[in-house]
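Below are the chains, spelled out letter by letter.
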Amino acid sequence: MCDRERNQSLIEIHVEYSCELFTSWRGRERERDRDRDVAMDQSVAIQETLEREENCLICEVMSHSITESRLLGLVESSKEHAIFIYTHRRMAITADDVSLEDIVPVSLDFAVVEISSPEELAVVGADTRVRVSYQEEELELRLPFGSHSRLFLSEVNRAWSDVCKSPTHMPKFGWINKYHKANKGPGVVKQALAPLGTTFAKLNQHRKTEKSDKKGSLEKEIGSNSGVQKSRVCPGPESPAISSREYRDDLVHSSSHTPSNKAQILTMPQFNLRDNLIRCELLKNEDLYTYLENFSFFLGTYNVNGQTPKESLSPWLSCTQDPPDMYCVGFQELDLSKEAFFFNDTPKELEWTKAVSKALHPDAKYALVKLVRLVGIMLIFYVKKEHAEFISDVEAETVGTGIMGRMGNKGAVAIRFHFHNSSICVVNSHLAAHIEEYERRNQDYKDICSRLQFRQLEPTQTPLTIMKHDVVLWVGDLNYRISDLDVGNVKELIGRKDFETLHSYDQLKRQIDEEAVFVGFVEGEIDFQPTYKYDTGSDKWDTSEKCRVPAWCDRILWRGKNIKQQLYQSHMALKTSDHKPVSSLLEIGIKRVNSEAYKKTFEEIVRNIDKMENECIPSVTLSKQEFHFKDVKFMQHHAETLSLLNDGQVPCQFEFIQKPNESTYCKPWLTANPPKGFIAQGGSVDIDLEVFVNRSTAPELNSGKEQIEDILVLHLERGKDYFIPVAGNYLPSCYGSSIHSLCQLREPIQDMPQETLRDLAERPGDENAVNVEKPLDIPKELWMMVDHLFRNAIKQEDIFQQPGLRSEFAEIRDCLDTGMPDSLPGSNHSVAEALLLFLDALPQPVVPYSFYQQCLESCYNASQCEKVISMLPRCHQNVFNYLSAFLRELLKNSANNRLDVNILATIFASLLLKSPQKQDLAEKRKTQEFFQHFLSQGSS
């Protein structure tokens, strides 16, 4: 049977193609979509309780006791805002998990004021305290310290400011009348604008109780090895209904305004050019007022293989003679269930956190500073009680590097903080598996370094990347293997304890030596046997059918000055997992401030600045006056450097500013990094002008409606403006082109005149828009990818779940866009990901937006689902049936490829049935239910 006949049998629709349509195709490299990974937002649960015209802008957890908390949602309707207060059980995922308790209208009778005292700011675990008043009532809110709380408060203040700006326009709040007591439970406002009842009374009573017990509050907040389990981080059995996620409060605040956190003070909005100059000079002269003091950091990593803690972790976490000053403990594969993967929720987080807190060194008291988790990757940061007041600016971020660069089954979590005068970043990562995938691991590392960014206190400042810290500590299951040796030779070298020879075959060592990854990082000498793979519950090497080659998958590295490693070891006593935990004890020189020397330096800098300030106009020299980006492609990163030299007599502050009637300083495909900054006299700065076309910007560029053309306006504070033209040529791509347009094209898209592509885009439903013999039934590019996967990947393990390589995607994209060569390059995983990205980039999804609501309404009825699909435009209907039939063929081989209906429905429903607006969790489940009808073997 020829390829065409076999494929027609597969898809059960008659798609006729000529062999000349598939002549040849070729390629280059792409940059992965830089959308940030977004953790599951509890505002989804609140949104489900609201009407469609009402929108929960943002929500936050409010805690007012050890065992109780509330969800606060800032809800908007018709430009009016109100704070909805909910009781909730566990992690709030759906409307069933929350119950409305009170409503606070944001009106002229409303006010919100932060009331945290300076003493509280220095207390370990102190929350951000704010007082909300409405009419004659007051309510104290305690919000967990962190950037999300700041964002919540800024949104509330913005809503309040809008009301205050228009005092003559009184909000009516008629829309909250329907939330009455009979429907929603106790404490709800009985009528619009009524004084608050139950919640205010309850929470204010609790506040009085708290004040009466203030003497012991510091000890409660700090906790100890035993006390931590009674704190908000690890609730005891007396509060079983409270989810562990609700206790992720930061237990360390920024310290008060002292020299030790001068950088934080000087980045605050009220400080201007003069203060930026003082900051610059202080940092330049830091050696004059700082000295080094050594502190011990315990770093640990453990891949627990989805197990629960069955044994004490003390042999691992309490293995040092003296208690360390800090603990940074990383876990991987905390939970391997599909629920954890799809919903990012797991009870094992609390179980392992408790196990860690019990196993910390018994000779010191520790406080939990921060916990962060992405699916099964978790990082916990503890600090000795006496050091807690010197920790500030604690932030946590996550990034997924799984399929399409977003899924969290692989990726990293990180915590950054200031300790005294040093900035530290701790990363825990889980990189791609399988011995042959070292290039994929290299790519994961680079993605993590480029995409994981921390917001700064001042929102206008450029986010901090991992490498912009004095010290970087990296732990995790890096998954690099031992290659070029068979299992017998590896075990023989292990038996002889010849780890030096064995290490020469280690992939990570080789990649570091080639400067492919971890440039500038150091790893201590390895004198312990490989930590993977063992039979669970024993010290025996893998006896399964695959008989994995032993490897040092679990590693600890560091980057920075004044760091010495005291210990680097594995812990064979622990047998819970098929990995062994690894630990490292580092002695790190931390910069501390000499107050007298700091004061003297500060005063000298101020005196010099007073002399220097004059009427001189700032001036800079630009390295280039204009920029041209040649052959810009879909999802391929292009960058050129603009260097600014301060040739004036004074320091200067620069910023790219908006042009008249434009909301941003540049087009969405362009970025200047950094967009603003400070240049000392005689200094220079490099600005990366980056061009990146993604799914949102590609359609207009493909059709020719938009061009790679823009003008950047570089503004100098108290100086002149510079106008910098940016231009380039974009190569049209099938990525970001509509299904209808592609069905009209028999030639590769880059062979088509721009006028033809524009005509197709302007007349999307007109069959006569382009004069062709007969439209194709489905896009030839889609056929090419599916046909390749059908012939080569029908039994491929983890297909559509493991990412491909970016370089191979670029080759596939160019192959589809240019028609050379005649078969797709790259691995099966790269082709699979290219197919998903193709569907993701469609301007109008396979099921057009106009049919979305019908799909939701018919999701539980198979015949109704088929009826909706039968009403789609012909080319969209063909694509839907074609893909459904292909996925059914994949399911026939599930024993080999490990796919099931749930996995495919989760992946493809989100691509084929997109919402024209923000999609909530209930809608996501309905789209999956809809698509599952077409994955059963009997579907036609």
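## Observations regarding the confidence of the model for the protein chain
Of the residues in the protein chain, 78% have a pLDDT of 70 or more, and the chain-wide mean is 80. Under a pLDDT of 50 for its full length, residues 1-40 has, in the predicted model, 138 contacts with residues more than four places off or in other chains. The low-confidence segment residues 181-271, where pLDDT is below 50, has 214 contacts with residues more than four positions distant or belonging to other chains.

## Details of the nonpolar core
In this structure, Tyr735, Phe800 and Phe908 are the most contacted members of the largest nonpolar core, which totals 104 residues. Ranked by residues supplied to this core, first place goes to helix H26 (residues 874-892) with nine residues. Contact partners of phenylalanine 908, with chain neighbours within four places excluded, come to Phe800, Leu836, Leu839, Leu887 and Phe931. One finds Leu473, Leu502, Ile526 and Leu586 within the second-largest nonpolar core, a separate group that totals 46 residues.

## Brief notes about the packing of aromatic side chains
Under the counting rule described, the total for this entry stands at 29 aromatic pairs. Judged by centre distance (6.4 Å) and plane angle (25°), the rings of phenylalanine 84 and tyrosine 86 are stacked. A relative accessible area of 0% means that phenylalanine 84 is categorised as buried. You can call tyrosine 86 buried: its relative accessible area is 1%. Look at phenylalanine 634 and tyrosine 735: their rings are 5.3 Å apart centre to centre, the planes differ by 15°, and that puts the pair in the stacked class. You can see phenylalanine 634 sitting in the loop between strand S22 (627-632) and strand S23 (638-646) and its partner tyrosine 735 sitting in the loop between strand S29 (721-730) and helix H19 (739-744), a full 101 residues away along the chain. Owing to a relative accessible area of 0%, tyrosine 735 belongs among the buried residues under this scheme. Joined through ring pairs, the aromatic side chains of Tyr302, Trp316, Phe331 and Trp352 make up one cluster. Lying over the aromatic face of tyrosine 534, lysine 580 brings its terminal NZ or CZ to 5.0 Å of the ring centre.

## As for the packing of H26 against helix H28 (residues 901-912)
Where H26 contacts H28, the two axes come as close as 11 Å, and the packing angle between them is 160°. Considering their axes alone, H26 and H28 lie roughly antiparallel with respect to each other. Like other packed secondary-structure pairs, H26 and H28 cross with a definite hand, here right-handed. Contacts from Phe880, Leu883, Leu887 and Leu891 in H26 reach Val901, Leu904, Phe908 and Leu912 in H28. Looking at the contact of H26 with H28 residue by residue, the classes come out as eight nonpolar, no polar and no charged.

## What to know about the packing of helix H21 (residues 780-792) against helix H23 (residues 828-840)
Direction vectors running N to C along H21 and H23 enclose 145°, while the axes themselves pass 10 Å from each other. For the element pair H21 and H23, the recorded crossing hand is left-handed. Here H21 contributes Glu781, Leu782, Met785, Val786, His788, Leu789 and Asn792 to the contact with H23, which in turn contributes Asn828, Val831, Ala832, Ala834, Leu835 and Phe838. In terms of residue class, the contact of H21 with H23 is built from nine nonpolar, three polar and one charged.

What counts, and at which threshold
Residues numbered from 1 in each chain as written. Predicted model: local features only at pLDDT ≥ 70, side-chain atom pairs only at ≥ 80, totals over all residues. Heavy atoms only, no water. pLDDT = per-residue confidence, 0-100. Contact = heavy atoms within 4.5 Å. Core = buried A, V, L, I, M, F, W, Y, C linked by side-chain atoms within 4.5 Å. Buried < 20%, exposed > 50% of the residue type's maximum accessible area, 1.4 Å probe, protein only. Helix = DSSP H or I, 4+ residues; strand = E, 2+ residues; numbered from the N terminus. Phe/Tyr/Trp six-rings, centres within 6.5 Å; stacked < 30°, edge-to-face > 60°. Lys NZ or Arg CZ within 6 Å of the ring centre and 35° of its normal. Axes fitted to C-alpha atoms, helices over the stretch in contact; angles between N-to-C directions. Parallel < 35°, antiparallel > 145°, perpendicular 65-115°, else oblique. Left-handed = near helix turned anticlockwise from the far one by under 90°. Nonpolar A, V, L, I, M, F, W, Y, C, P; charged D, E, K, R; others polar.

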